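Given next are the chains, with one letter for each unit.
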Amino acid sequence: PTSSATPVGEPSAYASPVAETTAITPLDTVAAGAAVDIAPAADSAPEADSAPPADSATAEQSAPPASQAFWALAPVERDVVDEHGTPIFTIGPTAWTLVIEDRGDSFVVRHEDGRIGYLNDVSGVTRG
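Residues numbered from 1 in each chain as written. Predicted model: local features only at pLDDT ≥ 70, side-chain atom pairs only at ≥ 80, totals over all residues. Heavy atoms only, no water.

### Some details on the environment of Ile-91
- One can find Ile-91 in strand 3 (residues 87–91).
- For the pair formed by Ile-91 and Leu-119, sequence separation is 28 residues and the distance between their alpha carbons is 8.9 Å.
- Not counting residues within four places of it along the chain, the set of residues in contact with Ile-91 comprises Ala-74, Val-76, Glu-77, Arg-78, Val-80, Thr-97 and Leu-119. (Helix = DSSP H or I, 4+ residues; strand = E, 2+ residues; numbered from the N terminus. Contact = heavy atoms within 4.5 Å.)

Right, dumping it as structure tokens:
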């Protein structure tokens, strides 16, 4: 019997090249309607002996902070509105709500049934 196993370290016919990986788009950019390709190019990997650019600290300070979804609990019932300001659902102190984007003075929240709206009163909201 002939073995069909590929020796360790040898490329296999079933191997997936790195260039064919799928980019993952953060939820907050999807909710904002601006999908961004965040996967690095296969040929853009930094070399081990290359030094970072001298102005890398400046570039990091000017870039907006990365936003990540989190759970929030409102201290009282509050309306979540659509883009026209019409209430579409309420949130309150009895259930946590998924915040998919923090806009500083408002949150973009997702209801458990998939609806997305804006919470304009974020005072006293507990983050979890």
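### Some thoughts on the pattern of salt bridges
- The tally for this structure, following the rule as stated, stands at four salt bridges.
- Among the salt bridges present, the one from Asp-121 reaches Arg-78, with a minimum N-O distance of 3.5 Å. In this pair, Asp-121 is assigned in the loop between strand 6 (116–119) and strand 7 (126–127) and Arg-78 in strand 2 (residues 78–81), connecting sequence segments 43 residues apart.
- Residue Asp-121 is classed as partly exposed on the basis of its relative accessible area, which comes to 39%.
- On the basis of relative accessible area, Arg-78 is assigned to the buried category, the value being 10%.
- Two residues, Arg-103 and Glu-101, come together in a salt bridge whose shortest N-O distance is 3.3 Å. (Salt bridge = Lys/Arg side-chain N within 4 Å of Asp/Glu carboxyl O. Buried < 20%, exposed > 50% of the residue type's maximum accessible area, 1.4 Å probe, protein only.)

### Some points on the nonpolar core
- Phe-70, Ala-72, Ala-74, Val-80, Phe-89, Ile-91, Val-99, Phe-107, Val-109, Leu-119 and Val-125 together form the largest nonpolar core, which totals 11 residues.
- Counting only elements with at least two residues in this core, the list comes to strand 1 (70–73), strand 3 and strand 5 (107–110). (Core = buried A, V, L, I, M, F, W, Y, C linked by side-chain atoms within 4.5 Å.)

### What about the environment of Val-80?
- Here Val-80 shows up in strand 2.
- Residue Val-80 is classed as buried on the basis of its relative accessible area of 0%.
- As for Val-80 and Gly-117, which are separated by 37 residues in sequence, their C-alpha atoms are 5.6 Å apart.
- In this view, Val-80 contacts Thr-86, Pro-87, Ile-88, Phe-89, Thr-90, Ile-91, Val-109, Gly-117, Tyr-118 and Leu-119; residues no more than four positions away in its chain are not counted.

### So, the side chain of Arg-78
- At 2.8 Å, the side chain of Arg-78 forms a polar contact with the backbone oxygen of Asp-121.
- Aside from chain neighbours lying at most four places away, what touches Arg-78 is Phe-89, Thr-90, Ile-91, Leu-119, Asp-121, Val-122, Ser-123 and Val-125. (Polar contact = N/O pair within 3.5 Å; in protein donor to acceptor, adjacent residues only side chain to side chain.)

### Description of the pairing of strand 1
- The sheet contact formed by strand 1 and strand 4 (residues 97–102) spans three bridges and is antiparallel. Across the sheet, Ala-72 pairs through a bridge with Thr-97, a residue of strand 4. (Pairing = 2+ DSSP bridges.)

### Concerning the confidence of the model for the protein chain
- Overall, the predicted model of the protein chain reaches an average pLDDT of 72, with 48% of residues at or above 70.
- The model gives residues 15–22 a pLDDT under 50, and that stretch makes one contact with residues more than four places away or in other chains.
- Counting contacts from residues 56–63, a segment whose pLDDT is below 50, to residues more than four positions away or on other chains yields zero contacts. (pLDDT = per-residue confidence, 0-100.)

### A word on the environment of Glu-77
- Positionally, Glu-77 belongs in the loop between strand 1 and strand 2.
- Here the alpha-carbon distance between Glu-77 and Pro-93, two residues 16 residues apart in the chain, equals 6.6 Å.
- Setting aside anything within four residues of it in sequence, one finds Glu-77 in contact with Thr-90, Ile-91, Gly-92 and Pro-93.

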